[in-house]
Amino acid sequence: MKDARPVQKDAYELILEAIDMGVYGPGDRLVESELAERFGVSRTPIREALQRLETQSLLARDGRSLIVASLGHDQMAELYVVRAELEGLAARLAARHATAEEVRVLRAMVEDDRRLSRDLSAMARANRRFHKQIHLASHNRYLVQQLDLVHRTMALMATTSLAIEGRGQDALAEHDAIVAAIEAGDGDAAYAALKAHISLAFEARLRHDAEALMAQG
C-alpha cells in the first residue's frame with residue numbers, strides 16, 4: 001500500500017516560494033536562524049538552500065549577509081527577451097501537442113480569471129498558473145525546466161506588471177487570444193500571441209518605471 005501522506009516541500013522550495021509570493025522582496029536579508037524557525041526545519045538544509053539560491057543568482061552578498069537579489073534595467077530587458085522566445089515556443093508546441101483536456105483547462109482558466117480583476121494577489125497567482133499550464137501543455141520537459149528558471153528570476157522584480165492600472169484587463173484579453181490560437185491548433189498564431197503578450201507586459205512595466213522616475217524628480 002502506498003504512503004498517502006502529502007509530499008513535504010524542502011527548504012529550497014519553501015524559500016523560493018516565499019520570494020515568489022513577495023514575502024521576501026529585493027534587498028531583504030535572509031537569516032538562517034529566522035528561516036529555520038519560520039519553516040520549521042533545521043539550519044543545515046536552510047544553509048544548503050541559501051547556497052543553491054546564491055549560485056542561481058537569486059540571492060546576492062551584502063557584506064557577510066545574503067539578500068534577495070534585484071534586477072537592473074539591462075538584466076530585466078534581457079530576461080524579457082528570453083522569456084518572450086521561450087514562452088512563444090511553449091505556446092507553439094501547446095498548439096501542436098496539447099490534449100483536448102489541457103485546452104479545455106486553459107479556456108476555463110481564462111473564463112474563471114475574469115472574476116479576479118479587483119484582487120491583485122489572486123490575479124498574480126492565476127497568471128502564474130495560466131502560464132505554467134501552457135508550459136506543461138507543450139509536452140517538452142527541457143523547455144519546462146528552462147521556463148521554471150526564468151519564472152524564478154521574474155520573482156526578483158519588486159512588483160507584478162498586473163499592478164499597473166488597466167494591465168489586468170489587457171492581459172486577460174491577451175490570454176484569451178493565446179488560448180484561441182491553441183484551440184485552433186495554429187502554432188504560428190499561438191507563438192505570435194504569446195510573444196506579443198510578453199512584449200506588452202514589458203512595455204507597460206517600462207512606462208510605469210519611467211513615470212515613477214519622473215514623479216521622484
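Structure's up top.
Keep in mind the model is a prediction, meaning the values are calculated, not measured.

Draft legend 1. Main features of the pattern of salt bridges. Here the structure, examined in full by the defined rule, presents 15 salt bridges. Between R107 and E111 there is a salt bridge; the shortest N-O distance is 3.6 Å. Taken together, the residues R107 and E111, both in helix α5 (residues 100-113) and four residues apart, mark about one turn of the helix. Linking D113 and R129 is a salt bridge whose minimum nitrogen-to-oxygen distance equals 3.1 Å. Note that D113 is positioned in helix α5 and R129 in helix α6 (residues 120-137), a separation of 16 residues in sequence. Assessed through its relative accessible area of 40%, R129 is described here as partly exposed.

Draft legend 2. Representation of unusual backbone geometry. Even without glycine at this site, S57 takes up a positive phi of about 65°. Structurally, S57 can be placed in the loop between α3 (43-55) and β2 (59-62). Positive phi, close to 55°, is recorded for H139, a residue that is not glycine. Within the secondary structure, H139 sits in the loop between α6 and α7 (141-154). For H139, a relative accessible area of 49% gives the class partly exposed.

Cut-offs used in this document
- Residues numbered from 1 in each chain as written.
- Predicted model: local features only at pLDDT ≥ 70, side-chain atom pairs only at ≥ 80, totals over all residues.
- Heavy atoms only, no water.
- Salt bridge = Lys/Arg side-chain N within 4 Å of Asp/Glu carboxyl O.
- Helix = DSSP H or I, 4+ residues; strand = E, 2+ residues; numbered from the N terminus.
- Buried < 20%, exposed > 50% of the residue type's maximum accessible area, 1.4 Å probe, protein only.

Purely spatial values, then, with no claim about function.
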